[in-house]
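# A structural walkthrough
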Amino acid sequence: MNYLASWVVLDVYSLILLGVCMYGSLRHGAFASDQRLHFSMLLFLVVILTFADIAQRSGMDDSNWIVQSGRAICFGFDGWIPSLWLGYAVSKMGRSVKDREKLPIRLWSIGALSYSVLNMVISIASIWTGWVFTIDASGAYQAGPLFVPHALGVLFSIIAIEIIIILHRKDMVPGSFAWVVVLPSLTLIGGFLQIMLGGLPLEITGTAVSLQLLYIFQVNRNVNIDFLTRVGNRRMLEEAFDTKIHTAESGHSFSALIIDLDSFKQMNDTYGHVAGDRALVSFAHVLKSTFRARDYITRFGGDEFCVICDITDQKALDDVVARLRANLEAFNMSETLPFPIGMSIGYGIYKPQDGEDKEEFRARIDSYLYREKYAKTRG
Amino acid sequence: MLNVPAWAAIDVYTFIVLGITAFALITLSHDRDWHRVYFLGFVITLVVLVCADICSFAYLYGNITISLIGNFVYFGFDPIALVFWAAYASTWIGDQTLGNPFPKNRFLFIFTCGFAILNLTVTVIGMFTGWLFFYDLSGSYQRGPLFGARVLAILFTAIAIEIYLFVIRKRMPLAAYSWVAALAILPIAGSMLQALFANLTFELAGYAIGLFILYVRVQSTNVSVDPLTGVNTRGTLGVELRRRIKHGAREPFSAIMIDIDEFKQINDLYGHQAGDRALAVMGNVLARSARSGDFVSRYGGDEFFILSDVCTVEMLESMVMRIRHTLADENEHDDLPFEMRASFGYVIFDPEVDKNPDAFIARVDTLLYEEKRIAKSDTEGARR
């Protein structure tokens, strides 16, 4: 019977799994462009690492250039994994670019990138300087003086990324924290296992598995997301309501705003469906820049949006509404669209102490919305 | 340092890939239809088989009992994967709305169940006669005389299923057929590799990858059914329309676009809940009035679309009449505080004129708009 080495099994299996993820992400309509970027970069990186790993274990002469390159790439590129995971985590923080430019996040990003670049330079240079690995007199591979620091460097940098993610958990888009924190840990676990189980390519395996999970996470998020505007859809709204009402029982209430675009059907008829779609997308952006990452912004009808946020003070709520009106006004003044967008808002704070339930609350805000709409039509 | 043998590497990896797919189906998938049930059954069966396979290697460490149990489960229940494959495939045959509760087409299911029972019987007897496997004097696992015959039997069964699916493929959505049929390729390739590398369970690995691919494909077609109305979503309409246009010269078809009259007023006067109910009622009426080969979907806020094989104006108009009657019936018997009325635009696909989906939809849209305009001026005329 033929013999197959375990490392071959692992690497080939990883390549096939990565291939399926790659196919999945390329399918038209599967991912939005913002999701595709990080996923693609990680995928690309791990595929290269896997090929490099196969090259370095291929059993050819250790001083062969293929083996040496494979080795250099394996050591040099796995330092990019922590940076890419950090980049992914940052993309899940905050709704606007402004948020992401907050100082600590910039520092972490610069730190992570510096580590990755340093690790890459040192590893590739090892071909000539022998820092991380070397070829001894008999032509065999030997670990260099910086081998252990390299290994520790990867592991500790991922731990550092995890700590950063945990510190910023409140800044993350709802529902993403658990995933963002678990995924890099699989590379970490793989790395530890690799050390303990005789150097099998388990770090790569762990990362490939985490990409399978990431793929599933992104695809399933699409179920809760409105494809056109990228905000939540009706499903997300229902889940958000149920979650918030549940936490309201322990004292943290919330507010909801229902927003209806004025004369949307007429706009569609006059300017066409394409312009109508653009109006919806632009309005969604206005909402995103008004509210925080943790708030639930959803589109649940043709031209109807609903936002759920943690505000429990009437004055604060009024301020947010004023800010939203101001932001929309500013957008209209920029004349990005050939017509101004108008909106009517019904909003209120959920008051379980008044004996309200979910339906009554929604009916109440609905009634505020209609009040504003009719006030407008009347005059 | 632990030395990990190749069989462990492949089985553990298979277990992880399957586990993640199962996790996704159980916790993340919100669809509650029969596609999902059989898919999940398929994945869980394979997880059990992988565990059994891992157990079957216990003889290498001196424990023959566990090894025996593992092998028994693996040999005995391996064809159950085929049963679930057949059941899953059957949910895509025929009428599509939310998948058949229990497939009307049960031939595949019965056939594979029969084979599974036969295989189990042979396995049980083989435990005593050593037909499929046994342990020799030194406690090593050995293949029995009927081992090869069994592998061939499974192979032929899989091929028979493939042939059957190929023959009835027109009764399945094209996309579903291609992927369900392709699903067998990887496990079959895996089984053949297994002949070369004795202890390595490539068959299960093939299944794991195949099921993950199927999951990817199914999920990226995504919410193909609108949960509120039970008809197809607009995204699926695009796929279906492109497909029909491609074959439009050989297979004529027509479209009906339906718009709920004064939907916005319903929403404003009676609230969003009432508006939702109106949509659900409309979806129901259309699904009931349409024929079994027709494709019913939502198009926009209050618009619906039907694609049908009907190719004469007379038949198309009688279809519209039928919908109007069902709607009138609905108005009489339901408890909605308002009357539901709809406007229709309908047209037969003309390959000379309708070059692409957008052009075709625009043509139907114009007809719908015309009817609404006429209806409006009629009512205004009547009021005067």
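Before any of the text, the structure's been laid out above.
Let us look at the structure shown here. Keep in mind the model is a prediction, meaning the values are calculated, not measured.

### Focus: the nonpolar core
- Membership of the largest hydrophobic core comes to 114 residues, with the highest contact counts inside it found for Leu 211 and Leu 214 of chain A together with Leu 46, Trp 85, Leu 165, Leu 211 and Phe 212 of chain B.
- If we skip the residues at most four places from it in the chain, Leu 211 of chain A touches Leu 18, Cys 21, Phe 39, Leu 42, Leu 43, Val 46 and Trp 85 of chain A.

### Regarding the interface of chain B and chain A
- Each side of the interface is counted separately: chain B has 48 residues, and chain A has 48 residues.
- Between chain B and chain A the total buried area reaches about 4,100 Å² when both faces are included, carbon and sulfur atoms providing 64% of it.
- Of all residues in chain B, Tyr 13, Phe 212 and His 272 of chain B give up the largest surface area on contact with chain A, accounting jointly for 18% of the area buried on that side.
- Scanning the region where chain B abuts chain A turns up one salt bridge.
- With a shortest N-O distance of 3.9 Å, Asp 303 of chain A and Lys 264 of chain B are connected by a salt bridge.
- At the boundary of chain B with chain A, the tally comes to seven residue pairs in polar contact (both at pLDDT 80 or more).
- Counting residues per element, the ones that place at least two in the side of chain B that touches chain A are helix 1 (6-28), helix 8 (185-196), helix 9 (202-221), helix 11 (263-270) and helix 12 (272-289) of chain B.
- In terms of residues, the side of chain B that touches chain A owes the most to one element, helix 1 of chain B, which gives twelve residues.
- Of the residues contributing to the side of chain B that touches chain A, the split by class is 29 nonpolar, eleven polar and eight charged.

### A short note on the packing of helix 4 (residues 80-91) of chain A against helix 8 (residues 177-196) of chain A
Residue and element names in this part refer to chain A.
- The geometry of helix 4 relative to helix 8 is characterised by a closest axis approach of 10 Å and an angle of 170 degrees between their N-to-C directions. One element, helix 4, and the other, helix 8, form an angle in the roughly antiparallel class. Contacts from Ile 81, Trp 85, Tyr 88 and Ala 89 in helix 4 reach Val 180, Leu 183, Pro 184 and Thr 187 in helix 8.
- Split by residue class, the contact of helix 4 with helix 8 holds seven nonpolar, one polar and no charged.

### Points about the sheet that holds strand 5 (residues 303-308) of chain B
Residue and element names in this part refer to chain B.
- The strand order across the open sheet built from four strands is 4-5-3-6, with neighbouring strands paired in antiparallel fashion. At either margin of the open sheet sits one strand with a lone partner, and together these are strand 4 (295-298) and strand 6 (342-348). The average undirected angle you get between the axes of adjacent strands in this sheet is 15 degrees.
- In this structure, strand 3 (residues 254-260) lies alongside strand 5, joined through six bridges in antiparallel fashion. Bridging from a neighbouring strand, Ala 255 pairs with Leu 307 of strand 5.

### Considerations on the sheet that holds strand 3 (residues 255-261) of chain A
Residue and element names in this part refer to chain A.
- The four strands lie next to each other as 4-5-3-6, forming an open sheet whose pairing is antiparallel. Looking at strand neighbours, the two that pair on one side only are strand 4 (296-299) and strand 6 (343-349), the edges of this open sheet. Ignoring strand direction, the axes of neighbouring strands in this sheet form an average angle of 15 degrees.
- Relative to strand 6, strand 3 is paired through seven bridges, and the arrangement is antiparallel. Looking across to strand 6, one finds that Ser 255 is bridged to Ile 349.
- Strands strand 3 and strand 6 of the sheet are contacted by helix 13 (residues 314-333), whose axis makes an angle of about 165 degrees with strand 6.

### Some remarks on a nonpolar patch on the surface
All names here are of chain B.
- On the surface, Ile 64, Leu 68, Ile 69, Val 124, Met 127 and Phe 128 cluster together into a nonpolar patch covering about 540 Å² of accessible area.
- For the nonpolar patch, the secondary-structure elements that each account for two or more residues are helix 3 (64-77) and helix 5 (107-129).
- Counting through the fold element by element, Met 127 comes out in helix 5.

### Some details on the pairing of strand 4 of chain A
All names here are of chain A.
- Of the two faces of strand 4, the one holding Tyr 296 and Thr 298 and the one holding Ile 297 and Arg 299 are both buried throughout.
- Inspection of the sheet shows strand 4 paired to strand 5 (residues 304-309) by four bridges, in the antiparallel sense. Across the sheet, the residue bridging to Arg 299 is Phe 305, located in strand 5.
- The hairpin formed by strand 4 and strand 5 contains four residues between the paired strands.

### Quick notes on helix 12 of chain B
- Here helix 12 of chain B spans 26 Å end to end across 18 residues, near enough to the 26 Å set by a 1.5 Å rise per residue.
- What helix 12 of chain B keeps buried is the set His 272, Ala 274, Gly 275, Asp 276, Ala 278, Leu 279, Val 281, Met 282, Gly 283, Val 285, Leu 286 and Ser 289 of chain B.

### Re the packing of aromatic side chains
Residue and element names in this part refer to chain B.
- Throughout the structure, instances matching the rule amount to 35 aromatic pairs over all chains.
- Centroid distance Phe 349 to Phe 360: 5.5 Å. Interplanar angle 80 degrees. Geometry classified as edge-to-face. Of the two residues, Phe 349 sits in the loop between strand 6 and helix 14 (357-383) while Phe 360 sits in helix 14, which places them eleven residues apart along the sequence.
- Relative accessible area serves as the criterion here: at 7%, Phe 349 is assigned to the buried category.
- Among the aromatic side chains, those forming a connected cluster through ring pairs are Tyr 59, Tyr 74, Phe 75, Phe 133, Tyr 135, Tyr 141 and Phe 147.

### Points about empty space enclosed by the protein
- With the rule as written, the count across this model stands at one cavity of 30 Å³ or more.
- Estimated volume of the largest cavity: approximately 30 Å³.
- Within the residue set of the lining of the largest cavity, elements represented by two or more residues are helix 14 (358-378) of chain A together with helix 11 of chain B.
- Along the lines of polarity and charge, the residues of the lining of the largest cavity split into two nonpolar, two polar and five charged.

Scoring rules and cut-offs
Residues numbered from 1 in each chain as written. Chains lettered and ligands numbered in written order. Predicted model: local features only at pLDDT ≥ 70, side-chain atom pairs only at ≥ 80, totals over all residues. Heavy atoms only, no water. Core = buried A, V, L, I, M, F, W, Y, C linked by side-chain atoms within 4.5 Å. Buried < 20%, exposed > 50% of the residue type's maximum accessible area, 1.4 Å probe, protein only. Contact = heavy atoms within 4.5 Å. Buried area = accessible area lost by both parts, 1.4 Å probe. Salt bridge = Lys/Arg side-chain N within 4 Å of Asp/Glu carboxyl O. Polar contact = N/O pair within 3.5 Å; in protein donor to acceptor, adjacent residues only side chain to side chain. Helix = DSSP H or I, 4+ residues; strand = E, 2+ residues; numbered from the N terminus. Nonpolar A, V, L, I, M, F, W, Y, C, P; charged D, E, K, R; others polar. Axes fitted to C-alpha atoms, helices over the stretch in contact; angles between N-to-C directions. Parallel < 35°, antiparallel > 145°, perpendicular 65-115°, else oblique. Pairing = 2+ DSSP bridges. Patch = residues over 30% accessible without salt bridge, like charges linked within 9 Å, V, L, I, M, F, W, Y side chains within 5 Å. Areas by Shrake-Rupley, 256 points an atom, 1.4 Å probe, with all protein chains shown as cover. Expected span 1.5 Å × (residues − 1). Phe/Tyr/Trp six-rings, centres within 6.5 Å; stacked < 30°, edge-to-face > 60°. 1 Å grid on protein atoms, 1.4 Å probe; cavity = no way out; pocket = protein on both sides within 12 Å on 5 of 7 lines; lining within 4 Å. Points joined across faces, edges and corners; volume = space filled by probe spheres on them.

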